[in-house]
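Residue strings, one per chain:
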Amino acid sequence: MKGNYSKGFTLIEILVVMVLLGLLSGVAVFTLGSGKLQRELEVEAQRLHTLLRMASEEAILSNSEIGFSIDDEHYEFLEYDDEKQTWASASVSVLKPRDLPEWLAPEFQREGRTKILGKDSSDAKESKKPDMMLLSSGEVTPFSITLRVQNNDEGGFIISSDGLEEIKLVIPGREEE
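Residues numbered from 1 in each chain as written. Predicted model: local features only at pLDDT ≥ 70, side-chain atom pairs only at ≥ 80, totals over all residues. Heavy atoms only, no water.

Draft legend 1. Region of the structure containing the overall build of the protein chain. Tallying secondary structure elements over the protein chain gives two helices and ten strands in all. Mapped in sequence order, the helices and strands of the protein chain form the string α-β-β-β-β-β-β-α-β-β-β-β. Counting over 177 residues, the protein chain shows a buried share of 31%. When contacts within the protein chain are restricted to residue pairs at least 6 apart in sequence, those whose partners lie at least 24 apart make up 58%. As displayed, the protein chain offers around 12,000 Å² of accessible surface, 54% of which is attributable to carbon and sulfur atoms. (Helix = DSSP H or I, 4+ residues; strand = E, 2+ residues; numbered from the N terminus. Buried < 20%, exposed > 50% of the residue type's maximum accessible area, 1.4 Å probe, protein only. Contact = heavy atoms within 4.5 Å. Areas by Shrake-Rupley, 256 points an atom, 1.4 Å probe, with all protein chains shown as cover.)

Following this line, the structure appears as structure tokens:
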């Protein structure tokens, strides 16, 4: 006598497959989510790199000194006014002040010394001073800016210059550009 077997899947088999599919989709969403921040980080690094190079060229072409100031929330380009002997926000619209995303953790070093980034105090806003300068001679204050996602020590983009060569962008996992 042949056994009485029914065709199809048992409830346990269906539940196991559903749990596995749920786990796989969770891993996929988590992986894609972290990639989005890394892509946005790359865009921010390339934007800042391009703006720094553009500001350096602007300093040469306009025969003026341009400063750069950064804190943990924004960065700004400054122009030196010879008559007033003060720094003021850059008049070139492309070099306007820009906010940094909340998830971004910048680190700034000038001539080997790390600047502790924090919010500007009210006194600092009255008398603006640059953290580094882009000179009309084409020279740049030696600096290094590392941009990374907060609470993540890996995958930092580094924008730097030794002062004489052009401003470089180092992308994690790739050679220098």
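Text resumes after the structure shown.
Draft legend 2. Layout of the packing of aromatic side chains. With the rule as written, the count across this model stands at four aromatic pairs. Ring centres of F68 and F77 lie 5.2 Å apart, and the angle between their planes is 55°; this geometry places the pair in the tilted category. Per residue, the accessibility class of F68 equals that of F77, and both read buried. Considering the side-chain rings of Y75 and F77, the 6.4 Å spacing of their centres and the 90° angle between planes classify their relative orientation as edge-to-face. Three or more aromatic residues joined by ring pairs form one cluster here, namely F68, Y75 and F77. (Phe/Tyr/Trp six-rings, centres within 6.5 Å; stacked < 30°, edge-to-face > 60°.)

Draft legend 3. Geometry of unusual backbone geometry. Phi at N63 is positive, roughly 55°, even though this residue is not glycine. Position of N63 among the secondary structure elements: in the loop between helix 1 (11-62) and strand 1 (66-70). At Q85, a position not held by glycine, the phi torsion is positive, near 55°. The class for Q85 is exposed, based on a relative accessible area of 59%.

Draft legend 4. Summary view of a nonpolar patch on the surface. On the surface, F9, L11, I14, L15 and M18 cluster together to form a nonpolar patch covering roughly 570 Å² of accessible area. Tracing the sequence through the fold places I14 in helix 1. Exposure remark for I14: the relative accessible area of 39% places this residue in the partly exposed category. (Patch = residues over 30% accessible without salt bridge, like charges linked within 9 Å, V, L, I, M, F, W, Y side chains within 5 Å. Salt bridge = Lys/Arg side-chain N within 4 Å of Asp/Glu carboxyl O.)

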